[in-house]
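# Overview (structure and organization)
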Amino acid sequence: MNKNIGVYVCSGCGIGECMDAEQLVALGSDEGGAAVVRTSPAFCLEDVQLIRDDLDSGAVDSAVVAACSHRVNADVFSFGTAFVERVNIREQVAWSHPPNDPETQEIANDYLRMGIVRAQKAVAPTPYTEAHERTVLVVGGGSAGLAAARDAARAGYDVVLVEKGASLGGYAASLYRQFPKRPPYRALAPIDVAGSIEQLQSLPNVRTLLEAEVVETSGQPGRFTVTVRRDGADELITAGAIVMATGWIPADADTFDAYGRGRYANVVSSMELEAMAARGSIVRPSNGSPVARAAVVVCDGKGDDRHRPYGGNVSSLVALKQALYIREQYPDSIVYVLYGDMQTPGPYEYFYKRVQEDEGILFSRGDIRSVTENGDHDVVLEVESTVVGGPVRLSLDLLVLSEDMVPATADAASGALSLSYLQGKELPTTKFGFADSHFICFPYETRRTGIYSAGSVRQSMDLAASAQDGSAAALKAIQCIEQASAGAAVHPRVGDLSFPDVFLQKCTSCGRCMQECPFGALETGEKGRPVLDSNRCRRCGICMGACPVQVISFADYSVDMLAGMIKAVEMPEDDEDRPRILVLACENDAYPALDMAGIGRLQYAQSARVIPVRCLGSVNSILIADAVSRGFDAVMLMGCKAGEDYQCHYIRGSELLETRMQNVKETLDRLALESERVTVAEVAISESDKIPAMIDDVVQTVKEIGLNPMKGF
Amino acid sequence: MPTTLDVEPDLGFKREILGLGAQDLTACYQCGTCSTVCPIATTENPFPRKEMVWVQWGLRDLALSNSSIWLCHQCGACTTYCPRSAKPADVMAALRDFSITHYAFPRFMGRALNEPKFLPLLFLIPAVIFTFIIGWLGHLSALPDGEIVYSKFMPIVYIEVVFIGALSLSIIAAAVGGVRYWRAMNSDANDSGRRRLPLIPTLLTILKHRKFKECASEPATARETHKEHLYKSHLLVFYGFLGLVVTTTAVGIGIYAFGYLTPWPFWHPIKILGNVSGIAVIVAVAVLSYRRIIDKEKAGKSTYSDWLFLHVLLWTTVTGFTTEYLRLADIRELAYPSYFIHLILIFVLLVYFPYSKLAHLVYRTVAMVHNARSSPGAEAVPRMLS
């Protein structure tokens, strides 16, 4: 299809002083065959109307705007459904290369060529708009679940709240007091579970199902079908999005045995102490007598071999709180608080100080060496590495062990959603078993689009934080419902209407796309071919990168399009001073970092040609082979950190690229090319200062190994 | 393997230390920043953190039986650097105060010097003694006639009897306190007790003010601590005080050995030494007081016993000068009363020394000797961090 393309060359923001706009104009109309070519000293001001007029009159159907980065002025250069390609000659040309230099001009020319190719090949996507269910399903009726249900309902959405137990409230119902909730953060606060439940039940659009369990979840955002079992009967519930607030479970007993629980009568867990405190009778369980000496141990396993991955900051706060319980009941008692690390985040530091002021509460870091019992059932605790100056022996009426908060997802029987997804029933977790997809940037996003985790299933947290978390996850669920009904991506390509399209006739049913999709968006269809659940998709293009026969593409993003852009770069022949380096930069971190390098006026090698990609995982290895056979002297894949502490916005993209690099190396070997020509560079969004050196390194490598011998073939 | 300590907290002790100006102790979260900046801390002896914890835990015996609190020369780096403003320097000062009372013999005297309600009693004792003598001599109704000569008012022999008698008792009491402290320090150390006491090196260290100098030269990094002036100020007050002691002793020798009766002429070397020493003490006390007022944070909290001692020292010296100059000015109505007050102040300053701040003469020296003996070469304390 030959489209009527309009090329708009802006000369504002220093572009005009850096390069010859006339060359770009000529290139657009001659080589590019554009229907209309215009220039302006600032297209982002009133001249934007020129573009709109061309589109409205039908003279132009796709606009190529050679100006600033697509990361800025997106609202200005948006014209309904018309395809707009932004050619970045500001941040990545005018601001990062010497002005009025033939090589700089050449970069701008190449970028315009690429832009025109992309505009020729791209089609405005037609969204999938078949899923309109607006109910929010909340699983778990604890602190987070109650808040999520309440806030979703208040925002006008129907809510179904599924709770496994016989009553709502979760752990909050069995706790005596909670940590201080407001300044000056000194006094323990009462817990009003009944109030929260009442508040929820007063909302007409909330349906609460008690003693109910989710036995199956299928479908996609905007249209999940969830089977809920109650009293042996199954009920089908359709929901637009799901908030998973299934909370935590106590650590398995084995880890506690080392501290004497189960063996000695006067060793209790923090949950048992809560129960005693709530009854107002903290006593020695062995004989019901008063407590004069007690210890509260934060079992974080620091320094000993009993590693406790879930002994987080909540345990520290619980220990502080419970020391106060005991002191409150027995003003003459002494309570030791023993810990590996005392973690009291944020304003809870004030609470810590308050507890320290209590003269009967004695603190020390220490490792528990042994827990034994004497004839009177006193617990004898030996602690080493204390700050007292050596091992100490404490004779106690009561030893309290802080409970570890293991996310409910760690136990398949507890709180699972039983997903009927090809990739498995469980919700994928981070390395510590929390149902979360990214440890910094995107809280609540699990790796199953439309399912949002909240509360201590996501991260160990206290009641107040869980409630906040529930509210936030409810907002994510609502956002998801709204976006899904419009066929738009929720995250991180918010509003993207495209989705992968599989040309099934050529599909070999290898199944790689279905396996590699980080979000389980592709299910197996007829003849083992993939079927897409469109709203599960986050539009990363990892399936496109995975497909060995390149039959997966998006309306505005495809292997063919990228190959065309690579081909559009004019390749100088055998000029040692003019190598060409293809940089495929991830649009999430690497491309913004390149822009920021330009904003900071950092200069880097003029031989680089940057193409933004949705994710390094979307780079099909055939593109790298294409680039080297086209004569590129090197290919840089610039993206996010892979591995355990990944920063990939699609979780596995960078990791998958690394495995694909093996194929790339084989391809290079076959072409008798040096494997150093293809490198992967990890760039965080904040590392724009490192970009010049990274590119220079590649230029240096090319100098050492020589130009690509394939040039000119 | 160190022996396991059976913990028995004494919260009463903790309360008492908190009450001695160390109430910020509760904020200590035992990080050990104090020990990394302390010039006397070592890896094995994380002073003052361990003392902070001992007080927090009410471990009275441990807190009172170690030498570190007296080896500390109050540079205040710990307080300057404490991230929680727990003011370790104040806690150490409180511990020293408490130690003086704790080891005091008789115990009542320890309390008397630390509680304001006993203040009148402290002055009443010498006042009664000297009033009785003056009354006995008949000077209560009429001051001596003629040229002002203080021995006419209060013959030297009476003074000698009172002071030698009282000071002998004080010295015995101080010795008892010192021995109690020494024994306490030995109780938890497996000490052979056979080695000779390194008295001479310790004395040299004190005379040279080496510890103060080490504190002052310790570059704890950028923050300014209280230590900068301490070396000079203490040196001044120390030698000023010593000068006055030498003057008094020399005058005694002059009178008894050579019959060289007072008053001595103004230009006499001993007289000059006395005057210069007096000025040195006044200057030093002024600087020390000024620092306590101005540098509150760095100097640490000033307690009742701090101010009592500084005042007594100041006014003893001041009345020394007024006594001297009123005599020269020949104003008998003021000169004799001034002398009378001067004598009372000297009594309070010297006779109560085992219980006042001056008791550090005993306890600090004992601690330094003990430390030098149990760890030879302790004059050069290994650094925890350089």
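Residues numbered from 1 in each chain as written. Chains lettered and ligands numbered in written order. Predicted model: local features only at pLDDT ≥ 70, side-chain atom pairs only at ≥ 80, totals over all residues. Heavy atoms only, no water.

Below, the discussion takes up the packing of helix α15 (residues 269-294) of chain B against helix α17 (residues 304-328) of chain B. Residues and elements named next belong to chain B. Where α15 contacts α17, the axes come no closer than 10 Å and their chain directions differ by 145 degrees. Crossing handedness for the pair α15 and α17: left-handed. Residue-level inspection shows Lys271, Asn275, Gly278, Ile279, Val281, Ile282, Val285, Leu288, Ser289, Arg292 and Ile293 of α15 in contact with α17, the latter providing Asp306, Trp307, Leu310, Leu313, Leu314, Thr317, Val318, Phe321, Glu324, Tyr325 and Arg327. Classifying every residue of the contact of α15 with α17 by side-chain character gives 13 nonpolar, 4 polar and 5 charged. (Axes fitted to C-alpha atoms, helices over the stretch in contact; angles between N-to-C directions. Helix = DSSP H or I, 4+ residues; strand = E, 2+ residues; numbered from the N terminus. Left-handed = near helix turned anticlockwise from the far one by under 90°. Contact = heavy atoms within 4.5 Å. Nonpolar A, V, L, I, M, F, W, Y, C, P; charged D, E, K, R; others polar.)

Residue and element names in this part refer to chain B. As far as domains go, chain B holds domain 1 (11-103) and domain 2 (108-374). One C-alpha centre belongs to domain 1, the other to domain 2; they are set 27 Å apart. Taken together, the contact between domain 1 and domain 2 spans 30 residues of the former and 40 residues of the latter. Across the domain 1 to domain 2 interface the summed buried area is about 3000 Å²; carbon plus sulfur atoms make up 59%. Where domain 1 touches domain 2, the interface holds 1 salt bridge. Note that Lys301 and Asp24 form a salt bridge whose closest N and O atoms lie 3.5 Å from each other. Counting across the interface, domain 1 meets domain 2 through 8 residue pairs in polar contact (both at pLDDT 80 or more). Listed by contribution, the elements that provide at least two residues to the side of domain 1 that touches domain 2 are α4 (60-64), α5 (68-71), α6 (77-81) and α7 (88-103). The element that contributes the greatest number of residues to the side of domain 1 that touches domain 2 is α7, accounting for 7 residues. A class-by-class count of the residues in the side of domain 1 that touches domain 2 yields 13 nonpolar, 12 polar and 5 charged. (Domains from an automatic or database assignment. Buried area = accessible area lost by both parts, 1.4 Å probe. Salt bridge = Lys/Arg side-chain N within 4 Å of Asp/Glu carboxyl O. Polar contact = N/O pair within 3.5 Å; in protein donor to acceptor, adjacent residues only side chain to side chain.)

Before going further, it helps to spend a moment on the sheet that holds strand β7 (residues 206-209) of chain A. Residue and element names in this part refer to chain A. As summarised here, the arrangement of the 5 strands in space is β7-β6-β5-β11-β22, forming an open sheet in which the pairing is parallel. Looking at strand neighbours, the two that pair on one side only are β7 and β22 (451-453), the edges of this open sheet. Here the strands of the sheet are splayed against their neighbours by 20 degrees on average, with no regard to which way each runs. As defined by bridge partners, strand β5 (residues 136-139) adjoins strand β6 (residues 159-162) across 4 bridges and the pair is classed as parallel. Opposite Leu137, over in β6, you have Val160 as the bridge partner. Set on the sheet, helix α6 (residues 143-154) makes contact with β5, β6, β7 and β11 (241-244); between it and β6 the angle comes to about 170 degrees. (Pairing = 2+ DSSP bridges.)

Considering all chains together, one arrives at 28 aromatic pairs over all chains under this definition. Judged by centre distance (5.6 Å) and plane angle (85 degrees), the rings of Tyr8 of chain A and Phe43 of chain A are edge-to-face. Of the two residues, Tyr8 of chain A sits in strand β1 (residues 5-10) while Phe43 of chain A sits in the loop between β2 (36-40) and α3 (48-57), which places them 35 residues apart along the sequence. When its relative accessible area of 0% is taken as the criterion, Phe43 of chain A is described as buried. Between Tyr150 of chain B and Tyr336 of chain B the ring centres are 5.6 Å apart and the planes differ by 85 degrees, which places this aromatic pair in the edge-to-face class. Remark: Tyr336 of chain B occurs in helix α18 (residues 332-351) and Tyr150 of chain B occurs in helix α10 (residues 150-153); sequence separation between them is 186 residues. Each member of the pair, Tyr150 of chain B together with Tyr336 of chain B, is buried. An aromatic cluster is present here, built from Trp70, Tyr103, Tyr181 and Tyr363 of chain B joined pairwise through their rings. Seen from the ring of Tyr176 of chain A, Arg177 of chain A lies directly overhead, with NZ or CZ sitting 4.3 Å from the centre. Its guanidinium or amino end placed over the ring of Trp95 of chain A, Arg601 of chain A lies 4.1 Å from that ring's centre, counting from NZ or CZ. (Phe/Tyr/Trp six-rings, centres within 6.5 Å; stacked < 30°, edge-to-face > 60°. Buried < 20%, exposed > 50% of the residue type's maximum accessible area, 1.4 Å probe, protein only. Lys NZ or Arg CZ within 6 Å of the ring centre and 35° of its normal.)

The subject of this paragraph is the packing of helix α9 (residues 270-279) of chain A against helix α10 (residues 313-329) of chain A. Residues and elements named next belong to chain A. Relative to each other, α9 and α10 sit at 35 degrees, their axes nearing to 11 Å. For α9 against α10, the interelement crossing comes out left-handed. For the pair α9 and α10, contact is made by Ser270, Leu273, Glu274 and Ala277 and by Val318, Lys321, Gln322, Tyr325 and Ile326, respectively. Grouping the amino acids of the contact of α9 with α10 by side-chain chemistry returns 5 nonpolar, 2 polar and 2 charged.

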